[in-house]
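# Coordinate inspection notes
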Amino acid sequence: MQQVDKSKRIREIENKIDTYFHSHRFMKLPRSMAIQYLLIAYEEANRLPFLLGKNIPTNESENLALIQNNKYSLTHSINWASKITKIVPEEIIKDIDGDIYTITGEFFYLALSYHGAVSAYTMWSRGVAEATLVNENTVQFKYSEEETRYDMLDMKVSVENEQKHSEGKNITDDKRMINAKIVIEKSVKQTGPYTITYSRKGIDCDEIIRIAHKKIKGQTIPPADWNFYNVTTENFEKFWSALISICWLHYFALYYAALNMGIKGGAVASTVIVYTKDNWIRQLSIWTGLSKQIILQVLEYHTYSIEHKKPDIVVTPFIFITEKHLALAPTLITTSNLGRNLLKHLANNYSDEYDRNSGVFADNMISEFCKSIKRKHFEIFPNLKIPDNKELPDIDICLLDERNQQVMLCEFKWTIPAAEPYEVFEKREREKKALDQLVLLKKYFRDNPTRISKVLNYNEKIKCDNMFFIGVLKNCVGTAFMFNKDIPIVEYSIFCKLLNESKSLEETVKCIRERKFLPKKNVDFEVKNLEYEIGKFKIIWEGCRQIISEN
């Protein structure tokens, strides 16, 4: 088969996979029912390994992968169901139909294969993966080893961030949570074959919210002086803390029903929280002390719509299942960075207002950097202006090792953490902007290297033979094709770690140029093929697994 025919067939398979997915028998369900069953399937996919004691993740990397994969499945499933299923008279599920539940589970796990196919085709289309037609219905995609190392780096940074945010925050050991758990468990009552009810009466919600507020500290929350349509960061934090608290208490009731009451299916029909919109507003207003108007506004930011740009149930976890009722899968709240999700949604759908506030992020990033770098073998100069030249950009950070005459000029860019393959490529715009500014600065100092002394207001002349220019992105490790040896792009936390661990700026420069910060194949990770079957089609794609040291 000629190469052009092979490429055409690879594209045909992509289209046929879409057709197969949206023609699945699950799509014949009425929309309200389909969405509720999908939310239940998502909750079950997260809790069953722990209830059954089987296939439990053995490390943080595997646990993160399980959580993320289930979110991918739910996102694709909800998007397809919202586009294709028909709206008929709506009702809230109070029982479970075994046949429908089976069809839903089949569709839900098929969506993970669909995500694998979407990821592979995205990388191929962007030129960072190769595609081979194995046979008429099978396509194998392959990364370069360098791209695989970036994938693994992304996983490593994500795990480290999760661990950092979780330290010292085991809520099950907190006396206040133990007392709340006892109150909830005493109130649990079975209301149907698969359903329960419970009461939060008698629980000090302020105490629980304080614990929840500690948990979200360190996440990607907006800076304190950020104000979005008169909704402040404090408002958002109160909302998130209340939401997490409500979800925790819901878990207590569900696990008690499943493990102590022997309720059929572990009260599976009650895994998703469903209230009227008015009830959600009323409860959240009581729990937060915020006005109902503020709660309504923040709730609307968190409510899913297929009309949104890039709709995503993970980013907007509330979803209407009837005209009046909003459903919430609690695991979307307790395993997600709500601040990151909020910012992603606002950036996509309220870009003008988001851009107005975005400068605060970079300023805070620079301030945080100056506080977090502990090494003393160089000086830090933040927010420098080029004298007598208004056309040139400011210098975010200049690092100077006077003894070794090493200068490092850094352009800082804050980005929202990427969760989808396409988001990594969207970061190229941020990268390009950083590079463009650094190119101008590099030319300026190359024409007259002694200019750096004037910029730094230094009496001594600094030799600029060792000037190094670098773009530093917060929350984005990038990909191999984003790396430029002349002006490299490095993720912020990695950059800070290299500076703190290196003995000199020169050592840091060498490490970055040679990409020594990347994980090593067969040392830090191993590669294995993942196979995704969708109908008669098969996608083969490389996956990474972290190698955990026994030491």
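Everything in this summary refers to the structure shown in the same document. Predicted model only: the values in this text are computed from it and were never measured.

### Things to note about the packing of aromatic side chains
Tallied over the full model, the rule gives 30 aromatic pairs. Centre to centre, the rings of Phe236 and Trp240 are 6.0 Å apart; their planes meet at 20°, and the pair counts as stacked. With a gap of four residues between them, Phe236 and Trp240 both fall in helix α8 (residues 233-259), about one helical turn apart. Residue Phe236 shares its accessibility class with Trp240, and that shared class is buried. Through successive ring pairs, a cluster of aromatic residues spans Trp226, Phe228, Tyr229, Phe236, Trp240, Tyr301, Tyr350, Tyr354, Phe361 and Trp414. Lys83 extends its terminal NZ or CZ atom over the ring of Trp80, reaching a point 5.5 Å from the ring centre. Over the ring of Tyr444 we find Arg451; its NZ or CZ atom is 4.2 Å from the centre of that ring.

### Notes on the state of the cysteines
Within the structure shown, the criterion is met by zero disulfides. Lacking any disulfide linkage, Cys205 is separated from the closest cysteine sulfur, that of Cys247, by 15 Å. Of the residues examined, Cys205 reaches a relative accessible area of 17% and is grouped as buried. Left unpaired, Cys370 is separated from the closest cysteine sulfur, that of Cys496, by 10.0 Å.

### Notes on the sheet that holds strand β1 (residues 129-135)
Strand order in the open sheet made by the four strands is β1-β2-β16-β15, with mixed pairing throughout. With partners counted over all chains shown, the strands left at the sheet margins are β1 and β15 (525-534), one partner each. For this sheet the average axis-to-axis angle between neighbouring strands, irrespective of direction, equals 25°. One ladder, built from six bridges, connects β1 with strand β2 (residues 138-143); its direction is antiparallel. In the sheet register, Glu130 faces β2, and the bridge partner there is Lys142. Against the sheet, helix α4 (residues 98-125) touches β1, β2, β15 and β16 (537-546), its axis set at about 115° to β15.

### Looking at the packing of helix α6 (residues 175-187) against helix α7 (residues 205-216)
Close contact between α6 and α7 brings their axes to 10 Å; oriented N to C, the two are set at 130°. The orientation of α6 with respect to α7, classified from their angle, is oblique. Judged by the sense of rotation from one axis to the other, the crossing of α6 with α7 is left-handed. The residues of α7 that touch α6, namely those facing Arg176, Met177 and Ala180, are Glu207, Ile208 and Ile211. Here the contact of α6 with α7 is composed, by residue class, of four nonpolar, no polar and two charged.

### Here's the deal with the nonpolar core
Core analysis: the biggest nonpolar cluster contains 89 residues, and Trp280, Phe369 and Phe495 have the highest contact counts within it. Among all residues touching Trp280, those that are not within four sequence positions of it are Leu243, Ile273, Tyr275, Leu299, Phe318, Leu326 and Leu328. Core analysis: the second largest hydrophobic core is formed by 58 residues, Leu38, Phe108, Ala120 and Ile321 among them.

### A short note on the pattern of salt bridges
Enumeration according to the criterion identifies 21 salt bridges in this entry. A salt bridge links Lys181 to Glu185, with the shortest nitrogen-to-oxygen separation between them at 2.8 Å. With Lys181 and Glu185 both in helix α6 and four residues apart, this pair spans about one turn of that helix. When salt bridges that share partners are traced, they join Asp174, Arg176, Glu207 and Arg210 into one network.

### Focus on unusual backbone geometry
The residue Tyr229 is not glycine, and still its phi comes out positive at about 50°. Structurally, Tyr229 can be placed in the loop between β5 (227-228) and β6 (231-232). When its relative accessible area of 39% is taken as the criterion, Tyr229 is described as partly exposed. Of note, Lys310 is a non-glycine position whose phi angle comes to about 55°, a positive value. In this fold, Lys310 is placed in the loop between α10 (292-301) and β8 (319-320).

### Concerning the side chain of His345
With respect to the helices, strands and loops of the structure, His345 is situated in helix α12 (residues 338-349). For His345, a relative accessible area of 4% gives the class buried. Beyond its immediate stretch of four places on either side in the chain, His345 contacts Tyr301, His308, Val315, Thr316 and Tyr350.

### Points about helix α9 (residues 277-288)
End to end, α9 covers 16 Å across 12 residues, agreeing with the expected 16 Å (1.5 Å per residue, within 8%). Taken together, the buried positions of α9 are occupied by Asn279, Trp280, Ile281, Gln283, Leu284, Ser285, Trp287 and Thr288. Looking at the buried residues of α9, the elements they touch are α7, α8, β7 (273-276), α10 and β9 (325-328).

### Remarks on the environment of Lys516
When you line up the elements, Lys516 lands in the loop between α17 (505-513) and β15. Relative accessible area serves as the criterion here: at 46%, Lys516 is assigned to the partly exposed category. Sequence-distant contacts of Lys516, defined by excluding residues within four places in its chain, comprise Lys510 and Cys511.

### Regarding the pairing of strand β12 (residues 406-414)
Of all nine residues in β12, nine are buried; the element is thus mostly enclosed. Going residue by residue along β12, you find Gln406, Met408, Cys410, Phe412 and Trp414 tucked away on one face and Val407, Leu409, Glu411 and Lys413 tucked away on the opposite face as well. Sheet analysis places strand β11 (residues 395-401) next to β12, joined by five bridges and oriented antiparallel. Bridged to Cys398 within β12 is Leu409. What sits between β11 and β12 in their antiparallel hairpin is a turn of four residues, with Gln405 showing a positive phi close to 55°. Pairing geometry for β12 and strand β13 (residues 466-474), over nine bridges, is parallel. Paired with Lys413 across the bridge in β13 is Leu473.

Procedures and definitions
- Residues numbered from 1 in each chain as written.
- Predicted model: local features only at pLDDT ≥ 70, side-chain atom pairs only at ≥ 80, totals over all residues.
- Heavy atoms only, no water.
- Phe/Tyr/Trp six-rings, centres within 6.5 Å; stacked < 30°, edge-to-face > 60°.
- Helix = DSSP H or I, 4+ residues; strand = E, 2+ residues; numbered from the N terminus.
- Buried < 20%, exposed > 50% of the residue type's maximum accessible area, 1.4 Å probe, protein only.
- Lys NZ or Arg CZ within 6 Å of the ring centre and 35° of its normal.
- Disulfide = S-S within 2.5 Å.
- Pairing = 2+ DSSP bridges.
- Axes fitted to C-alpha atoms, helices over the stretch in contact; angles between N-to-C directions.
- Contact = heavy atoms within 4.5 Å.
- Parallel < 35°, antiparallel > 145°, perpendicular 65-115°, else oblique.
- Left-handed = near helix turned anticlockwise from the far one by under 90°.
- Nonpolar A, V, L, I, M, F, W, Y, C, P; charged D, E, K, R; others polar.
- Core = buried A, V, L, I, M, F, W, Y, C linked by side-chain atoms within 4.5 Å.
- Salt bridge = Lys/Arg side-chain N within 4 Å of Asp/Glu carboxyl O.
- Expected span 1.5 Å × (residues − 1).

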